[in-house]
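# Fold and contact review
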Amino acid sequence: MKRRAFLIGLPLGLSACAAQSVWAPDDVVSRAIYRSEGPKHLTLYTMRNTQSGSGAHTALLIDASQRVIFDPAGTWRQDIMPERNDVLFGASPRMEQIYVSIHARVTYYVTGQRIDVSPQVAEQALTLALAAGPVPAANCTRVTSRLLRQLPGFESIRQTWGPNTLAEDFGRLPGVTTTVYREDDDPDKAVATATFSDRLTAGQ
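What counts, and where the lines are drawn
- Residues numbered from 1 in each chain as written.
- Predicted model: local features only at pLDDT ≥ 70, side-chain atom pairs only at ≥ 80, totals over all residues.
- Heavy atoms only, no water.
- Helix = DSSP H or I, 4+ residues; strand = E, 2+ residues; numbered from the N terminus.
- Buried < 20%, exposed > 50% of the residue type's maximum accessible area, 1.4 Å probe, protein only.
- Contact = heavy atoms within 4.5 Å.
- Areas by Shrake-Rupley, 256 points an atom, 1.4 Å probe, with all protein chains shown as cover.
- Polar contact = N/O pair within 3.5 Å; in protein donor to acceptor, adjacent residues only side chain to side chain.
- Expected span 1.5 Å × (residues − 1).
- Arc of directions from axis to C-beta.

## Observations regarding the overall build of the protein
Scanning the protein from N- to C-terminus turns up six helices and seven strands. Counting across all 204 residues of the protein, residues that qualify as buried make up 50%. Put simply, of all contacts in the protein between residues at least 6 apart along the chain, 64% involve residues at least 24 apart. As displayed, the protein has an accessible area near 9,700 Å², and 52% of this comes from carbon and sulfur atoms.

Pasting the structure below:
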């Protein structure tokens, strides 16, 4: 069960597999919102095991009327970005970099696949992400692929549970650019998270 900052909801449903609702207060979200002036785009992030290459997690950066990271069923315990049911707000380029850096460590590397989209498509993706959570454990790719399949131009994306399968389908879309992020940080995400939290608190 996820434990992140701003946990002020109750578990949804009675199933042991139910995800926990996380709902940051309005004022916290409002202060965090970040809007960009560049082309609207989506970036699919896939976390992969450095030894086997197998996919471990899927997330989606959505640059629409505001920038967010949809981190379904994520296990990142943090107080860096306010969250509402798997949507992390305030995804400025710096915060996006922090998100990637925390997930890229000695045990995992991250691939980022970016595609430019129309403002309408980006906004549809944002709306779907805001309505999707909270996502149960191990369902990150299933829910992300379902979201993408609903967008115009993304109909070729297959509904899948596999992060690598989704990345392969996404990579076949015209105009996708791919970046691989590798770091040798401590395998414990909490260590990197604490470091970045201290830097942000200090205004660095």
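## What about the side chain of R67?
Considering the arrangement of structural elements, one finds R67 in strand β3 (residues 67-70). Residue R67 is classed as buried on the basis of its relative accessible area of 6%. Within the local environment of R67, its side chain forms a polar contact with the backbone oxygen of A91, the two atoms lying 2.4 Å apart. Excluding anything up to four places from it in sequence, R67 contacts Y34, S36, H41, L61, I62, G90, A91, S92, P93 and E96.

## Notes on helix α3 (residues 119-132)
Taking 1.5 Å per residue as the helical rise, α3 with its 14 residues ought to reach 20 Å, and the 20 Å between its terminal C-alpha atoms agrees with that figure. Among the residues of α3, V121, A122, A125, L126 and A129 are the ones counted as buried. In an axial view of α3, the angular spread of the buried residues amounts to 140°, which keeps them on one side of the axis. The outward face of α3, more than 90 degrees from its buried face, is lined by the exposed residues Q120 and A131.

## Observations concerning the side chain of T144
Here T144 is to be found in helix α4 (residues 140-149). Residue classification places T144 among the buried residues on the basis of a relative accessible area of 0%. Engagement of the side chain of T144 in a polar contact is seen with the backbone oxygen of C140, the distance being 2.7 Å.

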